[in-house]
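Chains, contacts and geometry: an overview
In case you want the letters, here they are:
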Amino acid sequence: MRKLVLASSSPRRKELLAYAKIPFTIMVSEVDEDFDPNKDPKEIAQDLALQKAKAVFNSADLDDAVVIGADTIVTVDNQILGKPKDAEEAKNMLKMLSGREHVVITGVAIVSSANSTIFYEETKVQFWDLTDEEIEDYIKSGEPFDKAGSYGIQNLGSILVKKIDGDYFNVVGLPIARTYRELKKFFP
Ligand SMILES: Cc1cn([C@H]2C[C@H](O)[C@@H](COP(=O)(O)OP(=O)(O)OP(=O)(O)O)O2)c(=O)[nH]c1=O
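Reading the values: the criteria
- Residues numbered from 1 in each chain as written.
- Predicted model: local features only at pLDDT ≥ 70, side-chain atom pairs only at ≥ 80, totals over all residues.
- Near = placed C-beta within 6 Å.
- Helix = DSSP H or I, 4+ residues; strand = E, 2+ residues; numbered from the N terminus.
- Nonpolar A, V, L, I, M, F, W, Y, C, P; charged D, E, K, R; others polar.
- Core = buried A, V, L, I, M, F, W, Y, C linked by C-beta atoms within 7 Å.
- Buried ≥ 20, exposed ≤ 12 C-beta atoms within 10 Å, placed from the backbone.
- Contact = placed C-beta atoms within 7 Å.
- Pairing = 2+ DSSP bridges.
- UniProt positions renumbered as here; feature names shortened; annotations may be inferred.
- Arc of directions from axis to C-beta.

1. Some thoughts on the site of the ligand
If you check the shell around the ligand, you find 26 residues, and the closest are Ser8, Ser9, Ser10, Ile153 and Gly173. Elements that contribute at least two residues to the shell around the ligand include exactly helix H1 (11–18), strand S3 (66–76) and helix H5 (168–172). Looking at the shell around the ligand element by element, the count peaks at 4 residues for S3. When the residues that make up the shell around the ligand are grouped by side-chain class, the tally is 9 nonpolar, 9 polar and 8 charged.

2. Some words on the nonpolar core
Ranked by size, the top nonpolar core spans 46 residues in total, and within it Ala49, Ala53, Val67 and Ile68 carry the most contacts. Residue contacts for Val67: discarding those within four places in its chain leaves Val5, Ala7, Ala53, Val56, Phe57, Leu62 and Val111.

3. So, the pairing of strand S5 (residues 101–111)
Within S5, 8 of the 11 residues are buried, which leaves the element mostly enclosed by the surrounding structure. Where S3 meets S5, 9 bridges bridge the pair, whose relative direction is antiparallel. Bridged to Val74 within S5 is Val104. The pairing of S5 with strand S6 (residues 116–127) spans 11 bridges and is antiparallel. Following the sheet pairing, Thr106 is matched in S6 by Glu121. A loop of 4 residues connects S5 with S6, the two strands running antiparallel in sequence.

4. So, the UniProt feature "site: Important for substrate specificity" (unreviewed entry) in the protein chain
Within this structure's numbering, the places UniProt gives as "site: Important for substrate specificity" (unreviewed entry) are Arg12, Thr72 and Gln154. In sequence the annotated residues extend across 143 residues, while in space they remain close, none of their C-alpha pairs exceeding 14.3 Å. With respect to the helices and strands, Thr72 occurs in strand S3. What makes Thr72 buried here is the crowd of 29 C-beta atoms within 10 Å. Not counting the four nearest positions on each side in its chain, Thr72 is found in contact with Val104, Thr106, Ala148 and Gly173. Residue placement: Gln154 occurs in the loop between helix H4 (132–140) and strand S7 (161–165). On the basis of neighbour count, Gln154 is assigned to the partly exposed category, with 17 C-beta atoms found within 10 Å. Discounting chain neighbours no more than four positions away, the residues touching Gln154 are Arg12 and Val172.

5. A closer look at helix H3 (residues 87–97)
Because an α-helix packs 3.6 residues into every turn, residues spaced three or four apart end up facing the same way. Of the positions making up H3, those classed as buried are Ala90, Met93, Leu94 and Leu97. When H3 is viewed along its axis, its buried side chains cluster within an angular range of 95° and face the same direction. Tucked into the core, H3 has its buried residues touching S3, strand S4 (79–81), S5, S6 and H4. Among the residues trailing H3, Gly99 stands out with phi positive, at a value near 75°.

Okay, structure coming up:
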């Protein structure tokens with residue numbers, strides 16, 4: 001049986017991939033997540049996903065394995081919001097997102113020795129108007145810091161969200177239904 005490897009340190013991705021009931025192991029390789037902000041966000045998310053998957057694929061004797069990597073970014077006003085560096089940046093991001101719609105893009109790369117697949121999913125998310133106090137309280141919870149756009153829809157961040165259009169799991173970090181369909185092609 002071919003081995004599936006998740007190239008991710010994200011506990012959310014581990015949980016979501018487990019839903020598909022395909023056994024997998026986790027291996028993580030350091031990838032410098034710098035990107036050119038002038039590039040198309042869809043390309044950035046897919047490029048970073050591919051870099052993560054390739055870094056793991058090339059780091060060990062994984063010739064027969066299938067490696068999956070993903071990257072999630074938030075875009076609003078043609079700006080790309082990654083993970084906040086500090087509370088100030090988290091505050092600025094949440095202020096930008098308050099009362100309006102933004103787009104969450106997750107790029108996914110599935111790499112094997114014979115062939116690879118790269119795709120993305122996008123989900124529109126609309127936030128309620130947020131008061132300064134709500135933003136401060138949310139930052140104090142610590143939740144924004146390891147998340148693109150400074151929020152996590154799956155926990156306390158759920159109370160910021162008015163509406164979503166698209167795959168919920170894509171926002172959390174892995175569009176699992178589409179990913180499952182693509183993965184099945186590697187495990188006929
Ligand atoms: C918008 C949003 C993002 N996120 C998370 C998903 C990703 O883990 C993170 C974006 O960072 P990523 O760089 O995509 O992933 P990561 O660094 O956490 O993990 P790895 O690179 O090892 O795979 O933001 C949520 O958990 N909930 C949300 O609602």
